[in-house]
Amino acid sequence: LKDPAVVKPFAKVVEANIGNPHAMKQLPISFFRQVLALCVDPALLDYEGLPYARDVKERARRTLECLKGHGIGAYTASVGVTEFRKDIARFIEERDGYKADYRNIFLTNGASDAIRSILTLCIPGSTNKCAPKVGYMSPIPQYPLYSACYSELGVEMIPYYLDEDNNWELNMDNLGQAIESARLQCEPRLLVVINPGNPTGQQLSRVNIEQIIKFCHAERLVLLADEVYQENVYKENSVFVSFRKVLKSMGPQYSNLELVSFHCVSNGYVGECGVRGGYMELVGIDPSVVEVFERYLSSKLCANTVGQIMTDLMINPPKPGDESYPQFAKERSGILTSLKKAAMAISTRLDKIDGIQCNAIQGAMYAFPKIYLPPVAIAKAMESYLEPDEYYCLKLLEETGISFVPGSGFGQIDGTYHFRTTILADEETTEDILDRLEEFHKKFLTEHGVN
């Protein structure tokens, strides 16, 4: 692909493999970028010809005050700017209807950094070499960050398989079987849930969330709720419901459940992946453990200030009546409406292609269809020391320039094959991707023995 001397049957590579909204031409939110620009260069606040709304300048001044007048180049508190943490607490209270304590909220360099920190914290500091290995429960298919962290930390991964036949819902029987089998070789310590799902695009029902909370409570597991796609909900007549909200509604008997939830600026309508901003909230965690975690964060100095500012903007955007609100509302609605339309169109079109089966995309930014590969293709993949869906995706890339991620990279039931594609391309590009995929798929099947 990199050799310019080789004539390729496509003009350019279409990177539909990674959730990177701005790389796929999603525009940034004007208010957020304008405030950020003034924080980066405060001298612009005194420039009379600057065409920014009054509330943009007011918000920038307030943000700079929150930074104690030091600007974006100075360290903040290791746990994050206090005023931003209080803003996040108010956001959570408004979202869930239950009070939040800002002292349990920590600003981070995106959700990935927060997740890695918590996974590290949950490893017991034992010197007993005979102690059982720690195990972390993760969904399959799963976001590869988790399995990579487990390998790095020397933790046993306990896979539990999502139910593809029921739109990737979490099957409680599978969960119970997974933990019982795991106890023979490790000590289960926590359970990870990704909702809405990556790569599977499902949205868990409230009933399913309650079942998961009860399971974690009964098994004394820390519950990690990866909720970074909470703005990306496409299921008709549905809204995002956080694990925290459901937990708080279940009464005092579950108040000792340890829950950690994550959110970031990389997804939703914001899509600021490169800014690296996010937060985590600790719920039901013993204060002495929180204190240890604060000391751990202090070794990292602080999350980057630009990411902290963007996180604060995300959870505290313009409100009705603000000068910038009409434009903000138009931009936000335009992005989310476009993503919802793409989710419906892509899953429907994929499901109509012979040999491809795709569940409805209820949330997040991906489709994860199952592909039926003929025996000849599977044999050729094995000859090349490739997973069958990896072989398929490489052929697709070589012949069409379309880049998908093979399902084997996320984990899947043995004997099944998938690929992940984003839903981020514009409508014209999406149609082109699907047309080329359908043509390739028919050709692929014919070349591998299917008449």
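These lines cover the structure that appears in this document, whether it is placed above or below. (Residues numbered from 1 in each chain as written. Predicted model: local features only at pLDDT ≥ 70, side-chain atom pairs only at ≥ 80, totals over all residues. Heavy atoms only, no water.)

**Some words on the layout of surface pockets**
- Here the largest pocket is characterised by a volume of approximately 660 Å³.
- If you trace the largest pocket, you find 23 residues lining it, with Phe-91, Arg-95, Glu-231, Ile-315 and Arg-332 closest to the centre.
- Taken together, the elements giving at least two residues each to the lining of the largest pocket come down to helix 3 (82-96), helix 10 (305-315) and helix 11 (325-352).
- Its residues assigned to classes, the lining of the largest pocket comprises 13 nonpolar, three polar and seven charged. (1 Å grid on protein atoms, 1.4 Å probe; cavity = no way out; pocket = protein on both sides within 12 Å on 5 of 7 lines; lining within 4 Å. Points joined across faces, edges and corners; volume = space filled by probe spheres on them. Helix = DSSP H or I, 4+ residues; strand = E, 2+ residues; numbered from the N terminus. Nonpolar A, V, L, I, M, F, W, Y, C, P; charged D, E, K, R; others polar.)

**Overview of the environment of Thr-76**
- If you trace the backbone, Thr-76 turns up in the loop between helix 2 (54-66) and helix 3.
- The spatial distance from the C-alpha of Thr-76 to the C-alpha of Leu-350 is 47 Å, given a sequence separation of 274 residues.
- Beyond its immediate sequence surroundings of up to four residues, Thr-76 is in contact with Leu-67, Val-81, Leu-301, Cys-302, Ala-303, Thr-305 and Gln-308.
- A distance of 3.0 Å separates polar atoms of two side chains, one belonging to Thr-76 and the other to Gln-308. (Contact = heavy atoms within 4.5 Å. Polar contact = N/O pair within 3.5 Å; in protein donor to acceptor, adjacent residues only side chain to side chain.)

**Considering the sheet that holds strand 7 (residues 259-264)**
- Here seven strands make up an open sheet; going across it, the order is 2-8-7-6-5-3-4 and the pairing mixed. This sheet does not close on itself; its edge strands, each paired only once, are strand 2 (105-108) and strand 4 (156-161). For this sheet the average axis-to-axis angle between neighbouring strands, irrespective of direction, equals 25°.
- Sheet topology note: the strand 6 (residues 222-226)/strand 7 ladder contains four bridges and is parallel. Bridged to Asp-226 within strand 7 is Phe-262.
- Against the sheet, helix 6 (residues 172-182) contacts strand 3 (133-140), strand 4 and strand 5 (186-194), and its axis sits at roughly 155° relative to strand 4. (Pairing = 2+ DSSP bridges. Axes fitted to C-alpha atoms, helices over the stretch in contact; angles between N-to-C directions.)

**Points about empty space enclosed by the protein**
- In total, this model carries five cavities of 30 Å³ or more according to the counting rule given.
- Reported here for the largest cavity is a volume of approximately 80 Å³.
- Examining the composition of the lining of the largest cavity, we find that three residues originate from one element, helix 14 (residues 427-447), more than from any other.
- For the lining of the largest cavity, the residue count by class is nine nonpolar, three polar and no charged.
- Taken as a whole, the second largest cavity holds about 70 Å³ of empty space.
- For the second largest cavity, the lining is made up of 13 residues, of which Pro-139, Tyr-160, Leu-162, Ile-194 and Gln-202 are closest to its centre.
- With three residues, the single largest contributor to the lining of the second largest cavity is strand 5.
- Its residues assigned to classes, the lining of the second largest cavity comprises nine nonpolar, four polar and no charged.

**Overview of helix 1 (residues 30-40)**
- Counting buried positions over the eleven residues of helix 1 gives eight, a clear majority of the element.
- Looking only at helix 1, the buried set comprises Ser-30, Phe-31, Phe-32, Gln-34, Val-35, Leu-36, Leu-38 and Cys-39.
- In this structure, the buried side of helix 1 is in contact with helix 2, helix 10 and helix 11. (Buried < 20%, exposed > 50% of the residue type's maximum accessible area, 1.4 Å probe, protein only.)

**Observations regarding unusual backbone geometry**
- Of note, the amide linkage connecting Ile-140 to Pro-141 takes the cis form, showing an omega dihedral of 0°.
- With respect to the helices and strands, the residue Pro-141 is situated in the loop between strand 3 and helix 5 (144-153).
- A positive phi is found at Leu-301, a non-glycine position, where the angle reads about 70°.
- Relative to the helices and strands, Leu-301 is located in the loop between helix 9 (287-298) and helix 10.

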